[in-house]
Amino acid sequence: MMEQRVHDRGGWPDAGLIDRAEHTYSMWEKRTDAIRGLLGAKHIIRTDELRRAVESIETAKYERLSYYERWLVAVEALLVEKGFLTHQEVDRKMEEWQTCER
Amino acid sequence: MAAKFQPGDTVRIRVGSPPGHFRTPAYVQGKTGVVEALHGAFPNPESLAHGGDGLPKQFLYLVRFDQTSVWPQYPTTLQDKLLIDIYEHWLEPA
Amino acid sequence: MDHADHELAHDRHAPIEDREELTYYERRTWAIQALLVEKGVITADEVRQQIETVDARTPADGAKVVARAWVDLAFKARLLHDAKAAVTELGFDSGESPVLVAVENTPKVHNVVVCTLCSCYPRALLGLPPDWYKSLSYRSRAVVDPRGVLQEFGLELEPDVEVRVYDSSADMRYLVIPERPPGTEHMSEAELASLVTRDSMIGVTKPRAPEQLADLKAAAPA
């Protein structure tokens, strides 16, 4: 019996009722979507690469993260893989903002 | 290069778990269905996902299954169907 | 609106008090955008434009296509044969890839669409998908228990109706053309479009009935 990968959900057991509540997309989610779209339009990241990167997220994390959180993790991983930035640069940029004064 | 299958052909989905990215879900692997349509030739996602050029393009088929042949518990009184797009290299004649 | 819009307009950092409230992923998104802009990969303007483009796409676009198919059977035939070409007639751009495919509901056939592997969805005509469409439970159950899923959405189908589930596993994006509700012969194309809900074009529900339209108008915000 082959191992079923975490993203391969068709017929996954104990799936439960569908939560039909909808949330309005927040600005960061739209931003993540936009960045992904732009990188695709500029042929920097292909849709198939993004899917592969999302599918590579460790199982527990995949199931815990929200949809756009998964996409952000995947986009960052691909940008690092392709040499556009490093995780450390992103960490440093985030820290910069924590300490930056207006 | 001609398409190997045409609408009406009975096909079986190959079983496999390649190490990289692929788009054939586990739940249809090993199942037998009928080609509903030929969509044309498309770049291969298994190559594109890892920085490849996706060539050679693969013929992409819409394959139709009786739900009762996909799921053991599916009520046999129902005529419901499952349709999914599968690349040619995942199909064999049945 | 909120501070994020302010940032979009002026492209500078958020005030420090707002910034602390952002979640980890919100801040990481900002950091990645800032770095990509600094490195000349994208511009803030492009991000803004892209957000606007995506925001502008709503299910009303798909509804117009369906309403046209209801009133013009020759259009419907073209739509079912080549959806990309047909929607272009109405001024919509479904894009080179992925490929839009229309599937028709009839009294004996009911179609429903899912993407079990991720979240493929006809965004060009419907906008962004609802959360539930991307949920692990929908992705799991739509293929194995479509009638159970439809029941959750309030739709019961007779056993002699064939339920056809499309799993969008590749380059095609499936759009359901629901059945035209009875008692709508007198309605204009625009009125018909207002019956067509996003969920009916995914296939988890049927369109609104004409009676429900009156209720909607009464409830509409000023």
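Residues numbered from 1 in each chain as written. Chains lettered and ligands numbered in written order. Predicted model: local features only at pLDDT ≥ 70, side-chain atom pairs only at ≥ 80, totals over all residues.

## What to know about the domain arrangement of chain C
Assigned domains within chain C: domain 1 (3–56) and domain 2 (59–219). Spacing between the C-alpha centres of domain 1 of chain C and domain 2 of chain C amounts to 34 Å. (Domains from an automatic or database assignment.)

## A word on the nonpolar core
Residues Val66, Val112, Val165 and Leu175 of chain C are the most contacted members of the largest nonpolar core, which totals 91 residues. Looking at which element gives the most residues to this core, the answer is helix H4 (residues 67–81) of chain A, with 7 residues. Setting aside chain neighbours within four positions, we find Val165 of chain C in contact with Leu82 and Leu83 of chain B together with Val112, Val114, Ala142, Val143 and Pro146 of chain C. (Core = buried A, V, L, I, M, F, W, Y, C linked by C-beta atoms within 7 Å. Buried ≥ 20, exposed ≤ 12 C-beta atoms within 10 Å, placed from the backbone. Helix = DSSP H or I, 4+ residues; strand = E, 2+ residues; numbered from the N terminus. Contact = placed C-beta atoms within 7 Å.)

## Points about the interface of chain C and chain B
Between chain C and chain B, the residue contacts involve 16 residues of the former and 16 residues of the latter. Breaking the side of chain C that touches chain B down by element, the ones donating at least two residues are helix H10 (136–144) and strand S3 (162–167) of chain C. Per-element tally for the side of chain C that touches chain B: the top contributor is S3 of chain C, with 6 residues. Across the side of chain C that touches chain B, the residue classes tally to 10 nonpolar, 2 polar and 4 charged. As paired elements, strand S4 (residues 81–87) of chain B and S3 of chain C share 4 bridges and run parallel to each other. Across the sheet, the residue bridging to Leu83 of chain B is Tyr166 of chain C, located in S3 of chain C. (Nonpolar A, V, L, I, M, F, W, Y, C, P; charged D, E, K, R; others polar. Pairing = 2+ DSSP bridges.)

## Let's talk about the pairing of strand S2 (residues 109–114) of chain C
Residue and element names in this part refer to chain C. Taking burial as the measure, the 6 residues of S2 include 5 buried ones, the bulk of the element. Where S2 lies against S3, 6 bridges are found, and the strand directions are parallel. By the bridge assignment for S3, Val109 is matched with Glu162.

## Side note on the environment of Gly40 of chain C
Mapped onto the elements, Gly40 of chain C comes out in the loop between helix H3 (24–38) and helix H4 (44–56). Sequence spacing of Gly40 of chain C and Asp72 of chain C is 32 residues, and the spatial spacing of their C-alpha atoms is 49 Å.

## Regarding the pairing of strand S2 (residues 32–42) of chain B
Residues and elements named next belong to chain B. As paired elements, strand S1 (residues 10–13) and S2 share 3 bridges and run antiparallel to each other. In the strand pairing of S2, Val11 is matched with Gly33. Relative to strand S3 (residues 58–66), S2 is paired through 7 bridges, and the arrangement is antiparallel. In the sheet register, Gly40 faces S3, and the bridge partner there is Leu60.

## Some words on the environment of Thr184 of chain C
Residue and element names in this part refer to chain C. Inspection of the secondary structure assignment puts Thr184 in the loop between strand S4 (172–177) and helix H12 (189–193). The spacing of Thr184 and Leu80 is 104 residues in sequence and 22 Å in space, taken between C-alpha atoms. Residues in contact with Thr184, not counting those within four places in the same chain, are Leu192 and Pro210.

## What to know about the packing of helix H1 (residues 27–41) of chain A against H4 of chain A
Axes are the key here: two packed helices are described by the angle between their axes and the distance separating the axes. Residues and elements named next belong to chain A. The contact between H1 and H4 brings their axes to 10 Å, and the two run at 40°. With respect to their mutual orientation, H1 and H4 come out oblique. For the crossing formed where H1 meets H4, the hand is left-handed. Here Glu29, Thr32, Ile35 and Arg36 of H1 lie close against H4, whose contacting residues are Tyr68, Trp71, Leu72 and Val75. Tallied by class, the residues present in the contact of H1 with H4 amount to 5 nonpolar, 1 polar and 2 charged. (Axes fitted to C-alpha atoms, helices over the stretch in contact; angles between N-to-C directions. Parallel < 35°, antiparallel > 145°, perpendicular 65-115°, else oblique. Left-handed = near helix turned anticlockwise from the far one by under 90°.)

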